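Listed here are the chains, written in short residue letters.
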Amino acid sequence: MQRYDLRHLGDKFYNRMLEIIDTTKAGEVSIFMFEIGDFSPIQKSADVIQTSGHELMNSLKFNEADWTIVVKKKTGV
């Protein structure tokens, strides 16, 4: 399990998150941290994970400005 801080990317972290997931092994879990902003990245990140065929295991507020999601790479994706 690895943690990736994507806060420096603002609301442009989705492609980088998918690139990271693509480099992991099937079944591996990754933790991603990003800025909340206007809260739209929370739903969009869940949609991006679902569309890519991976499993969103957890999504929670880390602090006042940041959000954390836990993603498991699905087998065969």
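Residue numbers here run from 1 along each chain, matching the order of that chain's written sequence. Under the rules for a predicted model, residues below a pLDDT of 70 receive no local features and side-chain atom pairs below 80 are neither given nor counted, while totals for whole chains, interfaces and linings still include all residues. The side-chain figures draw on all heavy atoms in the structure; neither hydrogens nor water molecules are used.

A.B. asks: Can you walk me through the overall build of the chain in this structure?
C.D. replies: In this description a helix means any DSSP run of H or I spanning at least four residues, a strand means any run of E spanning at least two, and both kinds are numbered starting from the N terminus. The number of helices and strands found in the chain is two helices and four strands. Listed by position from the N terminus, the elements making up the chain come as β-α-β-α-β-β. In summary, the chain has a C-alpha radius of gyration of 11 Å against a globular reference of 11 Å for 77 residues, a match within 12%. Dimensions of the chain, computed from C-alpha atoms along their principal axes, come out at roughly 35 × 20 × 20 Å. When the 77 residues of the chain are sorted by exposure, 38% land in the buried category. We call two residues in contact whenever any of their non-hydrogen atoms come within 4.5 Å of each other. Restricting the contact set of the chain to residue pairs at least 6 apart, pairs at least 24 apart contribute 64%. Charged residues are defined here as Lys and Arg on the positive side and Asp and Glu on the negative side; His and the ends of the chain fall outside this count. Charge coordinates come from a single atom per side chain, which is NZ of Lys, CZ of Arg, CG of Asp or CD of Glu. Put simply, the chain has 10 plus and 11 minus side-chain charges, and the middle of one group is 6 Å from the middle of the other. Only the C-alpha atoms count toward the radius of gyration. The rule for a globule is 2.2 Å times the residue count to the power 0.38. Burial classes follow relative accessibility: with a 1.4 Å probe on protein chains only, a residue under 20% of its type's maximum area counts as buried, one over 50% as exposed, and anything between as partly exposed.

A.B. asks: Sorry, what's going on with the sheet that holds strand S4 (residues 66-72) here?
C.D. replies: Note: strands within a sheet are paired through backbone hydrogen bonds, in either parallel or antiparallel orientation. A sheet is described by the order of its strands in space; here four strands give the open sequence S1-S2-S4-S3, paired in mixed fashion. With partners counted over all chains shown, the strands left at the sheet margins are strand S1 (2-5) and strand S3 (55-61), one partner each. Neighbouring strand axes in the sheet, compared pairwise and without regard to direction, differ in orientation by 20 degrees on average. Strand pairing is defined by DSSP finding a minimum of two bridges between the two strands. In this structure, S3 lies alongside S4, joined through six bridges in antiparallel fashion. Bridging across to S4, Asn58 finds its partner in Val70. Against the sheet, helix H1 (residues 14-23) engages S1, strand S2 (29-35) and S4, with an angle of about 170 degrees to S2. For helices, the fitted line uses only the C-alpha atoms of the stretch in contact; every axis is such a line through C-alpha atoms, and the angle between N-to-C directions lies from 0 to 180 degrees.

The values are spatial; any link to function lies outside them.
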